[in-house]
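Spelled out, the chains give:
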Amino acid sequence: MKKAKIFTDIHFEISEVDKRLFGSFLEHMGRAVYEGIYQPENKFADTNGFRTDTLEMIKELGVSVVRYPGGNMVSAYNWEDGVGPKELRPVRLEAAWKNIEDNSFGTNEFMDFCEKTSISPMLAVNLGTRGIDEARNLLEYCNFDSGTYYSDLRIKHGYRKPHNVKLWCLGNEMDGPWQIGHLEAREYGSLAARTAKIMKDIDPTIELAACGSAGMKLPTFGAWDATVAEECYDFIDYLSVHTYFDNRCKTPDDSRDFLASSLYFERQINSVIAACDYAGAKKKSRKKIGLSVDEWNVVYRPHGKIPPDTVWTKAPHQIEDVYSLEDALVVGSMLLTMMNHSDRVKIGCIAQLVNVIAPIMTSDNSAWRQTIFYPFMNCSKYAKGTTLYHVVECDKYDSKSYTDVPTVMSSIVYDKENENLALFVINRDLDEDCEVTVDLRQFEGYSVKKHIVLNHEDIKAVNTEENPLNVVERLSNNSTLDNMVLTSVLEKHSWNVIILGK
Ligand code: AHR
């Protein structure tokens, strides 16, 4: 058995974990909205057409905020198409994903969804085919009380009270050459700043996220982030980060390399922080821009490829990836990376929520939890409090893309007020268990409350509609506290959450 040690200190606080780190994303794409959460003809649908089985699972997942309506889709979206009497809503070509969009679900239905699930909305405005005017009108529609054209229109549509949307995205992935209305960095930065200005003039209580680069693989990465941050510095609160990892696209498939993906993510986060701080330094500003990782996950299918038989249909089966245990470990490692950056990363949206690259899947007959559901649910439930700096002493390995990959990865969250300590630990080793010890003498009076494990003998094991409980979390007896030294045995390739309290 391998051995590892974790060193921490009760006083070494990073920052409070923002609960919005455990957010998600719902795009009008494939079966995410239609058949995912909204399917009026389904036997599980409530009187408003929402799938009650999915809604229950979303609540269990503990999602705090949901970004909507895109994604690439927002860059050609007319929000006006999706409000008002359904029979008058136009059917459109949804150009980003080549779907047919009948607009039977729109902004107000999304707000109903948020209310039913106690989720906060994060709305994106279209800066691809539209711009400042559309953004200010949508904001007026959503947040202004009454007595103006758009606020009264909302009231006419049956929503007396304003939606009071506090979080807004200024477009989506605007440096991606695939993006409808794709722009150069200065052009986008200037448009985002001008849009942000009027939006904050209308409602100074909102927070805004501008588009950072769509990914570290793009040639624009870094320079784009610095330029956009410079252009918008005084008006925005966050710069976005998007990141997706895959293994099956690699030939040959390489689990050791894939399990190290969080090292790449770590580098990406540090680079975007550096770009923001560079812009801040040039401005001699005291303000710090936060990061909104508003799309992240494991994904297999290259985004651009749309199966020919699904083109121009409503709610096709699109990018419905089936996740394995190893994907869950990578998802877990990404969550821990964000938690360990809690001082700067304030928002995280796993992409997406239902059916499309999602923790929850549905058919007409049931809904089930993918493997990635579990680490997300554990973090949203137990990562409450302040993350602590810590050092892990463990074996390291080299893989195709990385050197010095720690076999053990962790995050520690301390909830002073409720006297709770949560340790999230991953053993990346494919062959050996690992005994990890942590000196917890500063946590006098604490005891181990539970040790949750997600594992399976086959790292490629998945959950399906036929076998939905193949990979599920379970409780373990592998953690003991002796003289305030915690000893936990981490099974090979496993995700672990160890909860201590008084
Ligand atoms: O989540 C799927 C897509 O991935 C989003 O629409 C886009 O923003 C990203 O490229």
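Relevant structure appears above.
Residues numbered from 1 in each chain as written. Predicted model: local features only at pLDDT ≥ 70, side-chain atom pairs only at ≥ 80, totals over all residues. Heavy atoms only, no water.

> Which parts of the structure should I look at to understand the site of the ligand?
Taken together, twelve residues form the shell around the ligand, and within it Glu27, Asn72, Glu173, Tyr244 and Glu295 come nearest. Contact distances for the ligand include 2.9 Å between an oxygen atom and a backbone N or O atom of Asn72. With respect to the ligand, the side chain of Gln352 contributes an N or O atom lying 3.1 Å from an oxygen atom. Of the residues in the shell around the ligand, the class split is four nonpolar, five polar and three charged. (Near = heavy atom within 4 Å. Polar contact = N/O pair within 3.5 Å; in protein donor to acceptor, adjacent residues only side chain to side chain. Nonpolar A, V, L, I, M, F, W, Y, C, P; charged D, E, K, R; others polar.)

> What's the story with empty space enclosed by the protein in this structure? I'm lost.
To find leftover empty space, one rolls a probe the size of a water molecule over the atoms. Enumeration according to the criterion identifies three cavities of 30 Å³ or more in this entry. The calculated volume of the largest cavity comes to roughly 40 Å³. Taken together, Tyr68, Pro69, Tyr77, Trp79, Thr107, Leu123, Ala124 and Leu138 make up the full set of residues lining the largest cavity. Considered class by class, the residues forming the lining of the largest cavity number seven nonpolar, one polar and no charged. Of the pockets and cavities examined, the second largest cavity occupies roughly 40 Å³. Lining of the second largest cavity is provided by His28, Met29, Gly30, Tyr34, Asn99, Ile100, Glu101 and Ala315. A per-class count over the lining of the second largest cavity returns four nonpolar, three polar and one charged. (1 Å grid on protein atoms, 1.4 Å probe; cavity = no way out; pocket = protein on both sides within 12 Å on 5 of 7 lines; lining within 4 Å. Points joined across faces, edges and corners; volume = space filled by probe spheres on them.)

> Whenever I open this one, the packing of helix H9 (residues 325–340) against helix H10 (residues 373–382) confuses me. Can you help?
When two helices pack together, their arrangement is captured by the angle between the axes and the distance separating the axes. Interaxial distance between H9 and H10 falls to 8 Å at its minimum, and their mutual angle equals 25°. If you check the angle between H9 and H10, you find them roughly parallel. At the point where H9 passes H10, the crossing takes the right-handed sense. Residues Ala328, Val331, Gly332, Leu335, Leu336 and Met339 of H9 lie in contact with H10, whose contacting residues are Pro375, Phe376 and Cys379. For the contact of H9 with H10, a count of residues per class yields eight nonpolar, one polar and no charged. (Axes fitted to C-alpha atoms, helices over the stretch in contact; angles between N-to-C directions. Helix = DSSP H or I, 4+ residues; strand = E, 2+ residues; numbered from the N terminus. Parallel < 35°, antiparallel > 145°, perpendicular 65-115°, else oblique. Left-handed = near helix turned anticlockwise from the far one by under 90°. Contact = heavy atoms within 4.5 Å.)

> How should the pattern of salt bridges be read in this particular structure?
Oppositely charged side chains are able to pair whenever their charged atoms sit close together. Under the criterion given, the structure shown has 34 salt bridges. Of the charged contacts, one joins Asp145 and Arg160 as a salt bridge, the two residues approaching to 3.3 Å between their closest N and O atoms. With Asp145 in the loop between helix H3 (132–143) and helix H4 (149–156) and Arg160 in the loop between H4 and strand E7 (167–170), the pair connects residues that are 15 residues apart, well separated along the chain. For Asp145, a relative accessible area of 38% corresponds to the partly exposed category. Residue classification places Arg160 among the partly exposed residues on the basis of a relative accessible area of 44%. (Salt bridge = Lys/Arg side-chain N within 4 Å of Asp/Glu carboxyl O. Buried < 20%, exposed > 50% of the residue type's maximum accessible area, 1.4 Å probe, protein only.)

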